[in-house]
Amino acid sequence: MKIFITSMMWLLIFLLVLSGCGGGSQTDEPTQPIVPVQSQLTENPIYPEIPEGPVYYVEQATGDDGNPGTEEAPWATVQHAVDMAKPGDTIFIKPGEYGEVGVPINFHKGTTGTSDEWITIEGFPHHRAIIRGGFHTMGSAWKNRGGGWIRFRGLRLNRGIYVHNTQDAPVEILDNIFDLYSMGGTAVYGSNYVDTILKDVVIRNNYIYGADYGVITGDKARDWLVENNIIERIIKRGERGDADYIRIHGSGHIFRGNVLFGTRRDEKGNAHTDGFQTFTGGARDILIENNIISGFDQGIMAETAGEAVNENWTIRNNIFSGTYADGGQGGSWGICIKESVGTAKNWVIVNNVFANNVYHGVRLGENTSHMTVKNNLFYECNMYVDFKRERTDMYVGYNMTNRTSSLPTDISGVDPLAVFRDPVDCYTDPLTNPNRFALRQSTVDNPNPAVDAGADLTGIVDQDIRGVSRPQGSGWDIGAYECNN
């Protein structure tokens, strides 16, 4: 099965993202999303720069673990290289298949970098070394844990990376391909072990394909950055459990610029597939921005148990499009805070697009308080915002829907063809058309009702999904895109 994307497609992505809004030129240069270099698999291999510190090589075809690990006399196995690693070491892995399915490469006790001298495990060139069993930074037993300051870059993995350390030390997972279609599993899993504090984990520019779960943060995870990743085609294997793109636990995380898409109804089975899900212990101080989520049951599903609270969430400049890749209807809710088991307060939900959600764009359960829902664009959502009780601590308005609204500051009953630049169809691959919900140009003869119609959200949302400054006109535009006329 071909899962990689051609150079021409990536060029198309950049051109589409540059175009943003029909007509005019941008006064601010948009920040371009960084995408994995899957196109380099067949041509133009990327070789990393040789660092100043110690460098060792692994090559399955010619290596021997009795060698010194030089390029001329490399080691044979990645496990041996990890066992030998010291702070500041870089281990380059040459093309080949390494390890066994179901047998992870373990970072044992004492294998750790330092804040000044990281251990780097890197493909040489990128994406040609296949790691069949994945990695565990925890070691081979609960009390035989490795540390942090470990960087994984430019690898291709058939199983995931299990992150576990007790040293409040970061781990970086950068520009890897997780090809999990045949093996399944979770691409990046944060340990839930009782004494584990997982801080400052960075997951950036990875391509995750065919996983049961894309990313799961640990219960005590703190300050993760999950940025500019592509998670495609979530698949449920087995009869029990769900299958989600991202699960959120802990606090202080940022989820930015990710594309979550490609899931099919026949492959998710009876799983409740969500873009982002949190449950039981809740999560605090969460930022979700500039993501495209296409094909889900809930874009965001928030539940808690007992005294736990989902608190201080900001959700801005995202696209929540519910339709599955096989054209099947999904998207029961764009955002659902479940009333029976969900407690949430201090949420800011602004300048998003909610499209093709069967029931509601945003559902606020009974145990929610201090919620702001403004400048969002709702298309084909049966009810755009669902309140489960009347209260005075809800700040809802300046939203647009093609259905009806009783709120005086909302714009309702608008034909989407009067708003969007491109025709709105049931499903479009967000990689080939990332700007599907961009606003069309507003003119004197044909004004766009979404342009300059939003509330002033200075300090809350100062850029759009592409990094263009808000506002460009006399006011904030509604939705994830800001037009410049």
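Residues numbered from 1 in each chain as written. Predicted model: local features only at pLDDT ≥ 70, side-chain atom pairs only at ≥ 80, totals over all residues. Heavy atoms only, no water.

**Comments concerning the overall build of the protein**
Of regular secondary structure, the protein possesses 3 helices and 38 strands. Taken over 485 residues, the protein has a buried fraction of 60%. In the protein, once contacts between residues fewer than 6 apart in sequence are set aside, the share between residues at least 24 apart is 70%. For the protein, the accessible area works out to roughly 18500 Å², and carbon and sulfur atoms hold 49% of it. (Helix = DSSP H or I, 4+ residues; strand = E, 2+ residues; numbered from the N terminus. Buried < 20%, exposed > 50% of the residue type's maximum accessible area, 1.4 Å probe, protein only. Contact = heavy atoms within 4.5 Å. Areas by Shrake-Rupley, 256 points an atom, 1.4 Å probe, with all protein chains shown as cover.)

**Remarks on the nonpolar core**
Judged by nonpolar contacts, the single largest core of 73 residues is most densely connected at Ile121, Phe135, Phe152, Ile246 and Trp347. Leave out the neighbours within four places in its chain, and phenylalanine 135 touches Val78, Pro104, Ile105, Phe107, Ile121, Phe152, Leu155, Leu157, Gly160, Ile161 and Tyr162. Core analysis: the second largest hydrophobic core is formed by 20 residues, Ala438, Ala450, Val451 and Ile478 among them. (Core = buried A, V, L, I, M, F, W, Y, C linked by side-chain atoms within 4.5 Å.)

**As for a negative patch on the surface**
A cluster of acidic residues, Asp168, Asp200, Asp223 and Asp285, forms a negative patch on the protein surface. Its location among the elements puts aspartate 285 in strand S26 (residues 283–289). Judged by its relative accessible area of 42%, aspartate 285 is partly exposed. (Patch = residues over 30% accessible without salt bridge, like charges linked within 9 Å, V, L, I, M, F, W, Y side chains within 5 Å. Salt bridge = Lys/Arg side-chain N within 4 Å of Asp/Glu carboxyl O. Lys, Arg positive; Asp, Glu negative; His and termini not counted. Charge placed at Lys NZ, Arg CZ, Asp CG, Glu CD.)

**With respect to the environment of alanine 129**
Along the polypeptide, alanine 129 turns up in strand S6 (residues 129–131). A sequence separation of 37 residues divides alanine 129 from phenylalanine 92, and the C-alpha atoms of the two residues are 9.5 Å apart. Filtering out sequence-adjacent residues up to four positions away, alanine 129 remains in contact with Ile93, Lys94, Pro95, Gly96, Tyr98, Leu155 and Arg156.

**Quick word on the packing of aromatic side chains**
A full pass over the atoms with the stated rule returns 18 aromatic pairs. Between tyrosine 56 and tryptophan 75 the ring centres are 5.1 Å apart and the planes differ by 15°, which places this aromatic pair in the stacked class. Highlighted residues: tyrosine 56 in strand S1 (residues 55–58) and tryptophan 75 in the loop between S1 and helix H2 (78–84), separated in sequence by 19 residues. Judged by relative accessible area, tyrosine 56 falls into the partly exposed class, the value being 25%. Between the aromatic rings of tryptophan 333 and tyrosine 359, the centroid separation amounts to 5.7 Å while the plane-to-plane angle is 45°, which identifies the pairing as tilted. Placement of tryptophan 333 in strand S31 (residues 333–337) and of tyrosine 359 in strand S33 (residues 353–364) is noted, with a sequence separation of 26 residues between them. Note on tryptophan 333: relative accessible area 15%, which makes it buried. (Phe/Tyr/Trp six-rings, centres within 6.5 Å; stacked < 30°, edge-to-face > 60°.)

**Digging into unusual backbone geometry**
For the bond running from phenylalanine 124 to proline 125, omega is 0°, close enough to zero to count as cis. Relative to the helices and strands, proline 125 resides in the loop between strand S5 (119–123) and S6. Of note, the amide linkage connecting arginine 470 to proline 471 takes the cis form, showing an omega dihedral of -10°. Within the element layout of this structure, proline 471 appears in the segment after strand S38 (411–412). Here the phi dihedral of aspartate 285 falls at roughly 55°; this positive angle occurs in a residue that is not glycine. A positive phi is found at asparagine 346, a non-glycine position, where the angle reads about 60°. Structurally, the position occupied by asparagine 346 is in strand S32 (residues 343–350). When its relative accessible area of 30% is taken as the criterion, asparagine 346 is described as partly exposed.

**Details of the pairing of S32**
Bridging between strand S29 (residues 310–316) and S32 involves 6 bridges; their strand directions are parallel. When the sheet's bridge partners are listed, arginine 316 is paired in S32 with valine 350. Note that S32 and strand S34 (residues 367–374) share 7 bridges and pair parallel. The residue bridging threonine 343 from the neighbouring strand is asparagine 367, located in S34. (Pairing = 2+ DSSP bridges.)

**Overview of the side chain of threonine 120**
Examined against the element boundaries, threonine 120 turns out to sit in strand S5. With relative accessibility at 5%, the residue threonine 120 sits in the buried group. Within the structure, threonine 120 has its side chain in polar contact with the side chain of arginine 151 (distance 3.0 Å). Not counting chain neighbours up to four residues away, the residues in contact with threonine 120 comprise Asp89, Thr90, Ile91, Arg151 and Arg153. (Polar contact = N/O pair within 3.5 Å; in protein donor to acceptor, adjacent residues only side chain to side chain.)

**Quick look at the confidence of the model for the protein**
In this model, the protein carries a mean pLDDT of 84, and residues with pLDDT of at least 70 account for 85%. Contacts of residues 22–40 to residues separated by more than four positions or lying in other chains number 51 contacts, the stretch itself having pLDDT below 50. Ignoring residues within four places in sequence, the model shows residues 140–144, a span with pLDDT below 50, making 12 contacts including any to other chains. (pLDDT = per-residue confidence, 0-100.)

**With respect to the pattern of salt bridges**
Under the counting rule described, the total for this entry stands at 20 salt bridges. Glutamate 172 is the partner of arginine 151 in a salt bridge, and the nearest nitrogen-oxygen pair spans 2.8 Å. Within this pair, whereas arginine 151 is found in strand S8 (residues 150–153), its partner glutamate 172 is found in strand S11 (residues 171–174), the two being separated by 21 residues in sequence. When its relative accessible area of 16% is taken as the criterion, arginine 151 is described as buried. The buried category is assigned to glutamate 172, whose relative accessible area is 18%. Connected via shared salt-bridge partners are Arg204, Glu227, Arg256, Glu289 and Arg316.

**Focus: the pairing of strand S28 (residues 298–302)**
With respect to burial, S28 is a largely interior element, 5 of its 5 residues being buried. Direction of pairing for strand S25 (residues 274–278) relative to S28: parallel, over a ladder of 4 bridges. Looking at the pairing, glutamine 277 lines up with methionine 301 of S28. Looking at chain direction, S28 and S31 are connected through 4 bridges and run parallel. Within S31, the position partnered with methionine 301 by the bridge is cysteine 336.

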